[in-house]
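Listed below, chain by chain, are the residues.
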Amino acid sequence: KESVSSSTMTRDDCTVFSSDPQSWVGQHFLSATQITLPALELLLREAEAMKELVKVHGGDLRLQGRVLGSIFFEPSTRTTSSFQAAFQRLGGSCIHVNESSSSAQKGETLSDTVRSMACYCDVVVLRHPVQGSVREAAMTCPKPLLNAGDGTGEHPTQSLLDLLTVKLEVGEIRNKTVAFVGDLKHGRTAHSFARLLCLFSGIRLIYVSPQSLAMPEEVKKYVDSRGIQQHEYFTLDEDVLATMDVLYMTRVQKERFPRAADYEKVKDIFRVTPQTMQLCKSSLVLMHPLPRVGEIDDRVDQDPRAAYFRQMENGMYARMALIALIMGVSGVSNH
């Protein structure tokens, strides 16, 4: 089955995806709340198929002649690289601009930058430091727009790879205790992942942070509305460590602090060391969206429970699956 022509794609920035691959085609992906459980199960199957495709063949040519436009107004290593690798492994090509190389330096609006990029490509990936900016840009973007992080808001494609990682590491996602530790106020990856976990029965969420960096009320209200258990702590005690099935560490985000002194007060408050790991379950999955800046000791990398680099690799497979669904070339839809 050939991919859907860009000119025939229709979009709705509030689209809720389903298990029908056609519900994804040509749509924006702006928030983890667009994902239903059947939709997530579809994407996870597709992502596992992509992992096997890369392992056996390196990729294919289903997106040959198609172009991904990447616009990043904040630094990125993993997200921008994995999106470009995902598109290229499916036969497409990529163009990229950042804040310093775009006409934003000349005063161009974000909307005009995104619309201009859409003239040259079939799908646009956008990261911007202002919460809500990606959704605003989607209102005038004529091509599918994928949210690669909007300030302290969401990072929905990260939540997809996080769910894929848990599934690949432990098999079953239901009835797990997932702990988010660190800077939860600014951690958009935690915001999206917490929302997505609400799709699974028996999930219990734990938030561990300094009081000044607590999980936003907006996220907690969303989790509560889904009937999910959640508990908040301001110290990382042995009793809490012993209950975790997944430990999701986050860095304290220096760039979000208006005063350096405030950052210095909290930057090292939580740290995972080999001694910390001794207090955790033998089946623990230790995750981190990266980059890390000291909150996980390098010695922990040798622990088989440390999944964060496997997590990063899974980002390519999850984004391959998402792109294939959005572009109408998923293996699931071709069967």
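Note: the structure precedes this text.
Residues numbered from 1 in each chain as written. Predicted model: local features only at pLDDT ≥ 70, side-chain atom pairs only at ≥ 80, totals over all residues. Heavy atoms only, no water.

The next point concerns the side chain of asparagine 147. You can see asparagine 147 is positioned in strand 4 (residues 145-150). Within the structure, asparagine 147 has its side chain in polar contact with the backbone oxygen of leucine 30 (distance 3.0 Å). What asparagine 147 contacts, discounting residues up to four positions off in sequence, is Phe29, Leu30, Leu126, Val134, Glu154, His155, Pro156 and Thr157. (Helix = DSSP H or I, 4+ residues; strand = E, 2+ residues; numbered from the N terminus. Polar contact = N/O pair within 3.5 Å; in protein donor to acceptor, adjacent residues only side chain to side chain. Contact = heavy atoms within 4.5 Å.)

For the rest of this paragraph, the subject is the packing of helix 5 (residues 156-170) against helix 6 (residues 188-197). In contact at an axis separation of 8 Å, helix 5 and helix 6 are set at 60 degrees when each is read in the N-to-C sense. Judged by the inter-axis angle, helix 5 sits oblique to helix 6. With respect to the hand of their crossing, helix 5 and helix 6 are arranged in right-handed fashion. For the pair helix 5 and helix 6, the contacting residues are Pro156, Gln158, Ser159, Leu160, Asp162, Leu163 and Val166 in the first and Thr189, Ser192, Phe193, Leu196 and Leu197 in the second. Residue composition of the contact of helix 5 with helix 6, by class: 7 nonpolar, 4 polar and 1 charged. (Axes fitted to C-alpha atoms, helices over the stretch in contact; angles between N-to-C directions. Parallel < 35°, antiparallel > 145°, perpendicular 65-115°, else oblique. Left-handed = near helix turned anticlockwise from the far one by under 90°. Nonpolar A, V, L, I, M, F, W, Y, C, P; charged D, E, K, R; others polar.)

Strand order in the open sheet formed by 5 strands is 7-6-5-8-9, and the pairing between neighbours is parallel. The sheet is open, and its two edges are formed by strand 7 (229-233) and strand 9 (285-287), each paired on a single side. Strand-to-strand, the axes of this sheet are offset by a mean angle of 15 degrees, without reference to chain direction. Across 3 bridges, strand 8 (residues 246-249) lies against strand 9 in parallel orientation. By the bridge assignment, valine 246 is partnered in strand 9 with valine 285. The sheet contacts of helix 5 involve strand 8 and strand 9, and relative to strand 9 the element is tilted by about 160 degrees. The strands that helix 7 (residues 217-225) touches are strand 6 (204-208) and strand 7; relative to strand 7, the one it contacts most, it runs at about 150 degrees. (Pairing = 2+ DSSP bridges.)

With that out of the way, let us pick up the environment of leucine 168. Note on placement: leucine 168 falls in helix 5. Spatially, the C-alpha atom of leucine 168 lies 9.7 Å from that of arginine 310, the residues being 142 residues apart in sequence. The contact partners of leucine 168, leaving out residues within four places of it in the chain, are Glu48, Lys51 and Asn314.

Ranked by internal contacts, the top residues of the largest apolar core, which has 66 residues, are Trp24, Phe180 and Leu205. Considering each element in turn, this core owes the most residues, 10 residues, to helix 11 (residues 308-326). With sequence-adjacent residues up to four places away left out, phenylalanine 180 is seen in contact with Ala190, Phe193, Ala194, Leu197, Leu205, Ile206, Tyr207, Val208, Met215 and Tyr248. (Core = buried A, V, L, I, M, F, W, Y, C linked by side-chain atoms within 4.5 Å. Buried < 20%, exposed > 50% of the residue type's maximum accessible area, 1.4 Å probe, protein only.)

Attention now moves to the packing of aromatic side chains. Under the counting rule described, the total for this entry stands at 7 aromatic pairs. By the ring-pair criterion, three or more aromatic residues cluster together here, those being Phe180, Phe193, Tyr207 and Tyr248. (Phe/Tyr/Trp six-rings, centres within 6.5 Å; stacked < 30°, edge-to-face > 60°.)

Spatially, 2-1-3-4 is the arrangement adopted by the 4 strands of the open sheet, whose pairing is parallel. Because the sheet does not close on itself, it has two edges, and the strands there are strand 2 (93-98) and strand 4. Direction aside, the axes of adjacent strands within the sheet are offset by 15 degrees on average. Strand direction decides the pairing type here: strand 1 (residues 67-72) and strand 2, joined by 6 bridges, are parallel.

What follows is about unusual backbone geometry. Omega for the peptide link from leucine 290 to proline 291 comes to 10 degrees, which places this bond in the cis form. In this fold, proline 291 is placed in the loop between strand 9 and helix 11. Positive phi outside glycine occurs at asparagine 175, with the angle close to 60 degrees. Among the residues examined, asparagine 175 registers a relative accessible area of 57% and is labelled exposed. Mapped onto the elements of the fold, leucine 290 is located in the loop between strand 9 and helix 11.

All quantities given are derived from atomic positions and should not be read as evidence of function.
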